[in-house]
Amino acid sequence: MQVTMTVNGVEVTREVEPRRLLVHFIREDLRLTGTHWGCDTSNCGVCVVLVDGTPVKSCTMLAASAGGHEVRTVEGLEQSGKLDPIQDAFMEKHGLQCGFCTPGMMLTSRALLDANPDPSEDEIREAISGQICRCTGYSTIVRSVRWAAEQEQKARDGESAAGSTADEGTHETADHETAGATA
Amino acid sequence: MTTTADRPLRVPHKATDEPEGVGSPGERPIGYGSLRRKEDPRFIRGKGRYLDDMLLPGMLHGAVLRSTVAHARLVSIDTTAALAHPKVKAVITGKDLEPLNLAWAPTLSNDVQSVLVTDKVRFQGQEVAFVIAEDAYSARDALELIDVEYDVLPPVINAKKALDPGAPIIRDDLEGRTDNHIFDWESGDKEATEKVFAEADVVVTREVLYPRVHPAPMETCGAIADYEPVDGKLTIYTTTQAPHAHRTVYALVSGIPEHKIRIVSPDIGGGFGNKVGIYPGYVCAVVGSIVTGHPVKWMEDRSENLMSTSFARDYHMHGEIAATRDGKILGLRTDTLADHGAFNGTAQPTKYPAGFFHIFTGSYDLQAAYCKVTGVYTNKAPGGVAYACSFRVTEAAYLVERMVDALAIELDMDPAELRLRNLLKPEQFPYTSKTGWEYDSGEYEKTLRLAMEMAGYDDLRREQAEKRERGELMGIGLSFFTETVGAGPRKHMDILGLGMADGAELRVHPTGKAVVRLSVQTQGQGHETTFAQIVAEELGIPPEDIEVVHGDTDQTPYGLGTYGSRSTPVSGAAVAVVTRKVRDKARLIAGAMLEAPPEDLEWEKGRWFVKGDPDKSKTIAEIAMAAHGTVALPEGVEANLEAMTTYDPPNLTYPYGAYICVVDIDGGTGQVKVRRFVAVDDCGTRINPMIIEGQVHGGLTDGVGMALMEIIDFDEEGNCLGGSFMDYLIPTAMEVPAWETGHTVTPSPHHPIGAKGIGESATVGSPAAVVNAIIDALRPLGVDDIDMPCTPSRVWHTMADAIARSSAKSGAGTAGGDGEDASAPKQAGASGSAQSGSAQQAGIQTGEGGGADPDDAG
């Protein structure tokens, strides 16, 4: 069957088997391999993409079901050579290690910040609770999302983001360690 | 200590803060410490290149048919219908592999493992047939068309029954095999330990189970085999933590000459030990490529990963600890049963069939210790060393830290106080343990006291006392672990005869930019950053001018790979040594350039200068250009600026740490909430604190996962009950707290830069802290023991059983009654005992007829 959808702002039309999963459509038919596959059972969330702005596990959606909808993948985060603040934040706050869950985590975080520009730690944890990271222990992901929220708030406040964000990122990532904890 | 303790490896700025493009490399400041990672820009753009992202021209797809039963004789396999599928190219069975001598392959523990079954299946999920098709969907479809007939046999599931007379013999493929025994192994002094135990005031015993768990990296395992018949070259792209060791094993197994095999390990989505072994699917992909003349990709699914690839632990430990009444620990003893599954496939140094389990004396000064381990076969998946276990230091640390807490309960002593009385003292290092380990360095008390200070230990105990008054269940658990990593000295350690050394090669190009090539392979640990930082520190050029190459046997020097936290201790040392070699060579060349004797030159990061005349100097970039140019070189000095080395560690390294966990338990449901977790680690010299902290966070999450929810269990028929992420539960962001980390720095005296390694410390150290906290929380109910995973159901039943026991003891009508009676929890609420009074206050609802028994929700 034929399916047409918008992926990262570009309309695509492909012939697919009715049973084809969206994750395979994205990875193999469109060769957008930043979306990963991890469990088959909707538990791990490394396959998360945004469908009409909402995080969806693409291993549990048929490509055909995405017809007519707007899909955004990790490849769509960077716009005109400018990183999304969430991408910058994950690097700054060590929100990733092996990188496998990272695209899904960033997309869910993007959707969260779009809906709630100033999320609390609890709200961030709940937002990413359908996704598993085996490397980071989540604290640095939470910090990344908070950092991105702060950067975006500053940008909205009209501060010169380009000039000032670098200064704000200077503190050591291990800065929360108790003062004097270095013996 | 002269090497690194006083050297500022950490500077108060990050590379991202530095002005871009200002100054020459010799002049601009060099950023060390918490640099942003060099690998991140590709990952955050979705441009990582993992195995399943790779697409080779003409590539076919493989899928494995797996056994549905745990133990059965194979009667027949009918592949006719599968072969008739229009998109199927080939179906391979054990019969096809037998003439190639590939139906069985050696394991990493000198056993053999079935590649595709020929005689009988020995665990559920074992490889039975391999289908190759034009696409992955068709390959899966064809699996359904294969008809297999089994003659089902009784399985051996309970390891404790594996050696029973009359137990079914699992490995009848091995000649003369009459039982399921694999090995007996011992360490320490049995008689001396018996004497210490006989004379001790106090002896405490526990049955400590470390259940079977699974590393479950987010990316599963796989391989693409590409055999090129014209030049006879086999390239295997694969998810491996040890590319060079894999190449050697493939050569030995397949008969293809080693120089004609290339292993490429691309970006890896987590390993944790799961990607050390060679799995049957890889071998099938190789055979498939040779048979079809096309590249063949095999990528396992999640259930295959959980059911058939390297599990971890499965140690049934009988522990005994001996002490004086005033809390001096005298001795430790264990008799342990190790469940190795159907094939002995553990990946550990040959001499040590139980890995480094005999470091079970931990961080304490004992008079004697003795450890005995018996390995057995069962009808379960093979493996055993995986999941960040440091060759079974995980089991050892868990055992000793549980035993110390058991002793604290017996002595009615604060567990922190008991540890402080028994920790090794700084002046005892280097310390030779009662089982033969030579600990390199440590200041244990300082680390524990820092953790207690960060946690506010005394305040926590006060809070706990108040909560107990109100009947609330709050627990504080400690763990102090000593790791042994960086395997290992070649004279002691090998895997399949391959000594555990690692190579490094450094080339400084004419413009002063460098490439360092490593034998180890990152799975997320940040090697591209950390190793560049070591070169930068030693050579004085910025990390961004250094490219780290790894994961390709055609491009890197030989070495045994990344596992057991060995990359920084072994490969990091190799990198420091090779960089110093280059620096020494640069001195000779600088001497020629400056017309000064090399011994008159002094080193300052990035340049050699003439003593007393610092303006007369040559930077590494200037020296590199000269080395590649036409400058007359001193006698015996070769052109260019590069070096190679292989590092054979003189000893292992001994990172350690003090962990404190605080839990709150819901008395009504048994749900454990990890409220706080304080981790103070000492991994010697620190290179990138941001990366170190990340490694610790990940390990702590593993620890909480294993303590609370992770288990690969089986039913009586051998059906795997942990075969998907719906059953094998892994912590999400909701189950773990915001980690609180700290550190002390006690460099390793024998490591070139003093680094000890950190990758697995938190996985090793944290489970005991969580379980000790849970037991501590349940003490008012009379609980003094519980096994992992502490699911709500298990915690609830443990509480109910304890209440029943205490009611049976104190209740008038139940004196002398059976406290284990299943009906006992019902009586608890009616009991007037002080303990069940606490239970009532804690809101424990033992219910009518067990109706309050909650599900094992994670």
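For every chain, the first residue of the written sequence is number 1, and numbering continues from 1 along that sequence. Whichever chain is written first is A, and whichever ligand is written first is 1; the rest continue in order. Predicted model: local features are reported for residues with pLDDT of at least 70 only, side-chain atom pairs are reported and counted for 80 or more only, and whole-chain, interface and lining totals are derived from all residues. By convention in this description, side-chain values take in all heavy atoms of the structure and omit both hydrogens and water.

J.: Even after reading the chapter, I still don't get the overall build of chain A, so can you show me in this structure?
T.: Strands here mean DSSP runs of E at least two residues long; helices mean DSSP runs of H or I at least four residues long; both are numbered from the N terminus. Across its full length, chain A holds six helices and five strands. Reading chain A from its N terminus to its C terminus gives the helix and strand order β-β-α-β-β-β-α-α-α-α-α. Across the 183 residues that make up chain A, the buried fraction comes to 56%. Total accessible area on chain A is roughly 6,900 Å²; 49% of this is exposed by carbon and sulfur atoms. Think of it in three bands: residues with accessible area under 20% of the maximum for their type are buried, residues over 50% are exposed, and the middle band is partly exposed, with areas taken using a 1.4 Å probe on protein chains only. Residue-level accessible areas treat just the shown protein chains as cover; the underlying method is Shrake-Rupley with a 1.4 Å probe.

J.: Looking at this structure, I do not really get the sheet that holds strand β8 (residues 147–152) of chain B. What am I missing?
T.: Sheet strands line up and pair through hydrogen bonds in the backbone, either parallel or antiparallel. All names here are of chain B. The pairing criterion is simple: DSSP has to find at least two bridges between the two strands. Taken in spatial order, the three strands line up as β6-β2-β8 in an open sheet, and their pairing is antiparallel. At either end of the open sheet lies a strand with only one pairing partner, and these are β6 (120–121) and β8. Relative to β8, strand β2 (residues 72–78) runs antiparallel, the two sharing six bridges. Paired with arginine 73 across the bridge in β8 is aspartate 151.

J.: What is the right way to look at the pairing of strand β4 (residues 54–57) of chain A in this model?
T.: Each regular strand displays side chains that alternate between the two surfaces of the sheet. Residues and elements named next belong to chain A. Strand direction decides the pairing type here: strand β3 (residues 48–51) and β4, joined by four bridges, are antiparallel. Each residue of the ladder has a partner; that of leucine 50, found in β4, is proline 55. Taken together, β3 and the strand that follows it, β4, pair antiparallel across an intervening segment of two residues, in which aspartate 52 is found at a positive phi of about 50°.

J.: Mind showing me how you'd approach the sheet that holds strand β27 (residues 601–604) of chain B here?
T.: Residues and elements named next belong to chain B. The strand order across the open sheet built from three strands is β27-β28-β29, with neighbouring strands paired in antiparallel fashion. For this open sheet the edge positions go to β27 and β29 (613–619), each flanked by a neighbour on one side alone. Across the sheet, the mean angle from the axis of one strand to that of its neighbour is 35°, orientation sign disregarded. Note: β27 against strand β28 (residues 607–610), four bridges, orientation antiparallel. Angles here are taken between N-to-C directions and fall from 0 to 180 degrees, while the axes themselves are lines fitted to C-alpha atoms, restricted in helices to the stretch in contact.

J.: Help me understand the packing of helix α14 (residues 567–594) of chain B against helix α15 (residues 620–628) of chain B, please; the structure alone is not making it clear to me.
T.: Two quantities define a packed helix pair, namely the angle between the helix axes and the distance between the axes. All names here are of chain B. Direction vectors running N to C along α14 and α15 enclose 80°, while the axes themselves pass 10 Å from each other. It follows that α14 is roughly perpendicular to α15 by the angle criterion. Every residue of α15 that contacts α14 at Ala586, Ile589, Ala590 and Met593 is listed here: Ile620, Glu622, Ile623, Ala626 and Ala627. Under the scheme applied here, ten amino acids are nonpolar (Ala, Val, Leu, Ile, Met, Phe, Trp, Tyr, Cys and Pro), four are charged (Asp, Glu, Lys and Arg), and all others, including Gly, are polar. Residue composition of the contact of α14 with α15, grouped by class: eight nonpolar, no polar and one charged. Here the word oblique covers every angle except those under 35 degrees (roughly parallel), over 145 (roughly antiparallel) and from 65 to 115 (roughly perpendicular). Residue contacts follow a heavy-atom distance rule, with two residues in contact if any of their heavy atoms lie within 4.5 Å.

J.: When you look at the nonpolar core in this model, what are you seeing that I'm missing?
T.: Taken as a class, soluble globular proteins show a tendency for nonpolar side chains to be buried jointly. Judged by nonpolar contacts, the single largest core of 178 residues is most densely connected at B:Phe725 and B:Ile774. In terms of residues, this core owes the most to one element, helix α9 (residues 393–411) of chain B, which gives 12 residues. Where a domain begins and ends is set by an automatic assignment or by a domain database. Here this core spans two domains, since at least three of its residues come from each of domain 1 (1–76) and domain 2 (80–183) of chain A. The residues contacting B:Ile774, other than those within four sequence positions of it, are B:Val663, B:Ile665, B:Val672, B:Leu708, B:Ile786 and B:Cys790. Residues enter a nonpolar core if they are buried and are Ala, Val, Leu, Ile, Met, Phe, Trp, Tyr or Cys, with the set joined through side-chain atoms within 4.5 Å. B:Ala514, B:Ala532, B:Ala576 and B:Trp608 belong to the second-largest nonpolar core, a separate cluster that totals 44 residues.

J.: Even after reading the chapter, I still don't get the pattern of salt bridges, so can you show me in this structure?
T.: Pairing is possible between side chains of opposite charge, provided their charged atoms come close. Residue and element names in this part refer to chain B. Salt bridges are counted wherever a side-chain nitrogen of Lys or Arg sits within 4 Å of a carboxyl oxygen of Asp or Glu. Applying the stated criterion across every chain yields a total of 74 salt bridges over all chains. The shortest N-O distance in the salt bridge between lysine 297 and aspartate 52 comes to 3.0 Å. Note that lysine 297 is positioned in strand β14 (residues 296–299) and aspartate 52 in the loop between α1 (40–43) and β1 (60–66), a separation of 245 residues in sequence. Judged by its relative accessible area of 6%, lysine 297 is buried. The partner of aspartate 301 in a salt bridge is arginine 140, and the shortest N-O contact between them spans 2.9 Å. Of this pair, aspartate 301 sits in the loop between β14 and α8 (302–308) while arginine 140 sits in helix α4 (residues 136–143), placing them 161 residues apart in sequence.

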